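# A structural walkthrough
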Amino acid sequence: MASTSEIRRRIGSVRQTQKITHAMYLISQAKLRKAKADLSNTRPYFDALQKEIGRVFNADDTAASRYLYDENSKPLPGVAACLLITADKGLAGAYNQNAIRQAQQLLTAQGDAALYVVGEYGRRWFAQRGIAIEESFHYTAQNPTLDRARHIAELLLERFDAGEISAVWVIYTDMKNGLEATVHQAQVMPLHRERFHAATA
């Protein structure tokens, strides 16, 4: 049987652990609130941009460009590109795993698709399984900036223009609230005319 002093030490140890986990909880809550605020500030711009592109398409249905796609478009040269966005750490439950599962399904469906990864978790997951990554963007996924987004967009656009890739799919997780996360898969290049028509309906 444990002595009184040992029991006291254990009680003290548990209390110290409680203090640490409580501090971690408060920090994570603060980070989540900041991320949600940033997301809320971004959504109006994204929605307005979607509608404006739809208005352009509605204004001229005859506009032709390699950046636009409809049922009459010819297949473009190159392979499909999958841009996967994950977190940098793995303590996020299904947040990362569901996005990775979706990326695997896209890679399987597209055959020889090129994989581009943002986020340390996704990078390590595919590297450990010997799955080739075309490009890894080595900066934190938790601190997105316009310059970093522009760098990714310019690289993919250059390869699209060069005929190396024929389409760009983005896979990411959208947090509706602190408990619910939904994986989204969107083709961002070439732009699908019908999708933007629907956005303005």
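Remember, it's a predicted structure, so these values are computed and weren't measured experimentally.

## Focus: the packing of aromatic side chains
In the structure shown here, the tally under the stated rule is two aromatic pairs. Arranged with centres 5.0 Å apart and planes meeting at 75°, the rings of Trp125 and Phe126 form a pair that is edge-to-face. Trp125 gets classed as buried once you look at its relative accessible area, which sits at 12%.

## Considerations on the environment of Tyr69
Note on placement: Tyr69 falls in strand S1 (residues 68-69). Between the C-alpha atoms of Tyr69 and Met189, which are 120 residues apart in sequence, the distance is 8.5 Å. When neighbours within four sequence positions are excluded, Tyr69 is seen to be in contact with Pro190, Leu191, His192 and Arg193.

## Observations regarding the pairing of strand S2 (residues 79-85)
Successive side chains on a regular strand alternate, one facing one side of the sheet and the next facing the other. With five of seven residues buried, S2 lies mostly within the body of the structure. Note that S2 and strand S3 (residues 114-118) share five bridges and pair parallel. In the sheet register, Ala81 faces S3, and the bridge partner there is Ala114.

## Comments concerning the pairing of S3
With five of five residues buried, S3 lies mostly within the body of the structure. Along S3, one buried face is formed by Ala114, Tyr116 and Val118 and the opposite face, lined by Leu115 and Val117, is buried too. One ladder, built from three bridges, connects S3 with strand S4 (residues 135-137); its direction is parallel. Across the sheet, the residue bridging to Val117 is Ser136, located in S4.

## As for the sheet that holds strand S6 (residues 181-189)
Here five strands make up an open sheet; going across it, the order is S4-S3-S2-S5-S6 and the pairing mixed. Strands at the two margins of the open sheet, each flanked by one partner only, are S4 and S6. The average undirected angle you get between the axes of adjacent strands in this sheet is 20°. Lying on the sheet, helix H3 (residues 120-128) is in contact with S2, S3 and S4; it crosses S3 at an angle near 140°.

Here is what the cut-offs are and how they apply
Residues numbered from 1 in each chain as written. Predicted model: local features only at pLDDT ≥ 70, side-chain atom pairs only at ≥ 80, totals over all residues. Heavy atoms only, no water. Phe/Tyr/Trp six-rings, centres within 6.5 Å; stacked < 30°, edge-to-face > 60°. Buried < 20%, exposed > 50% of the residue type's maximum accessible area, 1.4 Å probe, protein only. Helix = DSSP H or I, 4+ residues; strand = E, 2+ residues; numbered from the N terminus. Contact = heavy atoms within 4.5 Å. Pairing = 2+ DSSP bridges. Axes fitted to C-alpha atoms, helices over the stretch in contact; angles between N-to-C directions.

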